[in-house]
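# Secondary and tertiary structure notes
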Amino acid sequence: MPLALFEAAWPAPRGIGAGCTTRAGGASAGPYATLNVGAGVRDAPERVAENRWRLLAATGCEGIQWLHQTHGAEVFHAAQLPASPRPDDRGDAPAADAMWTERRGLALAVTVADCVPALLCDARGGVVAALHCGWRGATGGVIEATLAALPAAPETLRAWLGPAICAACYEVGDDVHGRAGGGAAFTRAGGGKWRFDLPAYVAERLASFGVREVARSGVCVSCDERFFSHRRDGITGRMAAVIWRR
Ligand SMILES: [Zn+2]
């Protein structure tokens, strides 16, 4: 099966490509079958490399910028193509959970398997950004740090939130509820737990900082077996959400 991106459905300007990979179209086996692009999950490195090459080909870009994601709030400015043309080279991947670029032909890729991938572009299509929003990053400032770094006002931005875990599949404790400051994204579950609608929380935060157009995929990676879900499967692969200027 060829690599087909789950395409972002959002009002992006012409010249912007965006979407998220699924499990289909890759070279990996077992729990990583088939399109694992995560380098830190004990899949065979040569297969991850092959999968990343296929993703690069699917975007039609000259290069892909990957990150060493840490659930923090660092934002990387991808000003040029990665030093190494190899999409499997993690050696120089910057430690950050968000990045942005104005450069055409450079795809930005964040890896996810439950966390919310957020893709942004401005209304003129001159700048794009990709964020990895787990609960730690989302409550820890990665969204506002990215908006502060971008050379475009939040009011001019559009956002797409890709496939991520839904509230019914995501029970959390008081610690997460407290860190997030509670709010409408939480509903009571049994046993002192909360159901956390992480995509709703990310959408709410983007809106609170002035991003007016936030589209959501509506797809849960745990409910939908086309995707990897760490919570559902434990040992599993990672999807990539990608955005680029053509
Ligand atoms: Zn679900």
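Above this note sits the structure.
Residues numbered from 1 in each chain as written. Predicted model: local features only at pLDDT ≥ 70, side-chain atom pairs only at ≥ 80, totals over all residues. Heavy atoms only, no water.

### Things to note about the coordination of the zinc ion
Distances from the zinc ion to its protein donors, namely C166 (SG), C169 (SG), C220 (SG) and C223 (SG), fall within the range 2.2 to 2.3 Å. Coordination geometry of the zinc ion: the four donor atoms subtend angles of 102 to 118° at the metal centre, consistent with an arrangement described as tetrahedral. Along the chain, the residues that donate to the zinc ion are spaced as C-x2-C-x50-C-x2-C. Remark: C220 occurs in the loop between strand 13 (213-216) and helix 6 (230-233) and C166 occurs in the loop between strand 9 (157-161) and strand 10 (171-172); sequence separation between them is 54 residues. When its relative accessible area of 8% is taken as the criterion, C220 is described as buried. (Donors = N, O, S within 2.8 Å, 3.2 Å for Na, K, Ca; no water. Tetrahedral: all angles 85-135°; square planar, octahedral: opposite > 155°, others 65-115°. Helix = DSSP H or I, 4+ residues; strand = E, 2+ residues; numbered from the N terminus. Buried < 20%, exposed > 50% of the residue type's maximum accessible area, 1.4 Å probe, protein only.)

### Re the nonpolar core
In summary, soluble globular proteins display a tendency toward joint burial of nonpolar side chains. With 37 residues, the main nonpolar core has L120, C133, I143, F196 and V202 as its most contacted residues. Ranked by residue count, the leading element in this core is helix 5 (residues 198-208), at six residues. Judged by nonpolar contacts, the second largest core, of 29 residues, contains A8, I16, C20 and M99. (Core = buried A, V, L, I, M, F, W, Y, C linked by side-chain atoms within 4.5 Å.)

### Considering the sheet that holds strand 6 (residues 106-112)
The five strands are arranged 1-2-14-6-3 in an open sheet whose pairing can be described as mixed. Because the sheet does not close on itself, it has two edges, and the strands there are strand 1 (6-7) and strand 3 (63-65). Here strand 6 runs beside strand 14 (residues 239-245); their pairing, made up of five bridges, is antiparallel. Each residue of the ladder has a partner; that of A109, found in strand 14, is V242. (Pairing = 2+ DSSP bridges.)

### As for the packing of aromatic side chains
Following the criterion strictly, the structure yields six aromatic pairs and no others. Centre to centre, the rings of Y170 and F196 are 5.9 Å apart; their planes meet at 20°, and the pair counts as stacked. With Y170 in the loop between strand 9 and strand 10 and F196 in strand 12 (residues 194-196), this residue pair connects regions lying 26 residues apart in the sequence. Judged by its relative accessible area of 0%, F196 is buried. Taken together through their ring pairs, the aromatic side chains of Y170, F186, W194, F196 and Y201 make up a single cluster. Lying across the ring of W66, R52 places its NZ or CZ 3.7 Å from the centre. (Phe/Tyr/Trp six-rings, centres within 6.5 Å; stacked < 30°, edge-to-face > 60°. Lys NZ or Arg CZ within 6 Å of the ring centre and 35° of its normal.)

### Structural notes on the pairing of strand 2 (residues 16-20)
Along strand 2, five of the five residues are buried, which leaves the element largely enclosed by surrounding structure. Burial along strand 2 is two-sided: I16, A18 and C20 and G17 and G19, pointing in opposite directions, are all buried. As paired strands, strand 1 and strand 2 are joined by two bridges and run antiparallel to one another. Pairing of E7 across the sheet is with G19, part of strand 2.

### Brief notes about the side chain of R245
Relative to the helices and strands, R245 is located in strand 14. An unpaired buried charge is present at R245: no salt bridge exists, and D122, the closest side chain of opposite charge, is 6.6 Å distant. A polar atom in the side chain of R245 sits 2.4 Å from the backbone oxygen of E102. Side-chain polar atoms of R245 contact the backbone oxygen of G125, separated by 2.8 Å. When near neighbours in sequence (up to four residues on either side) are disregarded, R245 contacts G15, I16, E102, R103, R104, G105, G125, G126, V127 and V128. (Lys, Arg positive; Asp, Glu negative; His and termini not counted. Salt bridge = Lys/Arg side-chain N within 4 Å of Asp/Glu carboxyl O. Polar contact = N/O pair within 3.5 Å; in protein donor to acceptor, adjacent residues only side chain to side chain. Contact = heavy atoms within 4.5 Å.)

### Things to note about unusual backbone geometry
The residue after A33, namely T34, is reached through a cis peptide bond having omega -10°. Summarising the element assignment, T34 is placed in the loop between strand 2 and helix 1 (45-59). With a phi close to 70°, R42 is a non-glycine residue in the positive phi region. When you line up the elements, R42 lands in the loop between strand 2 and helix 1. The phi angle at H71 is positive, at roughly 60°, despite the residue not being glycine. Tracing the backbone through its elements, the reader meets H71 in the loop between strand 3 and strand 4 (75-77).

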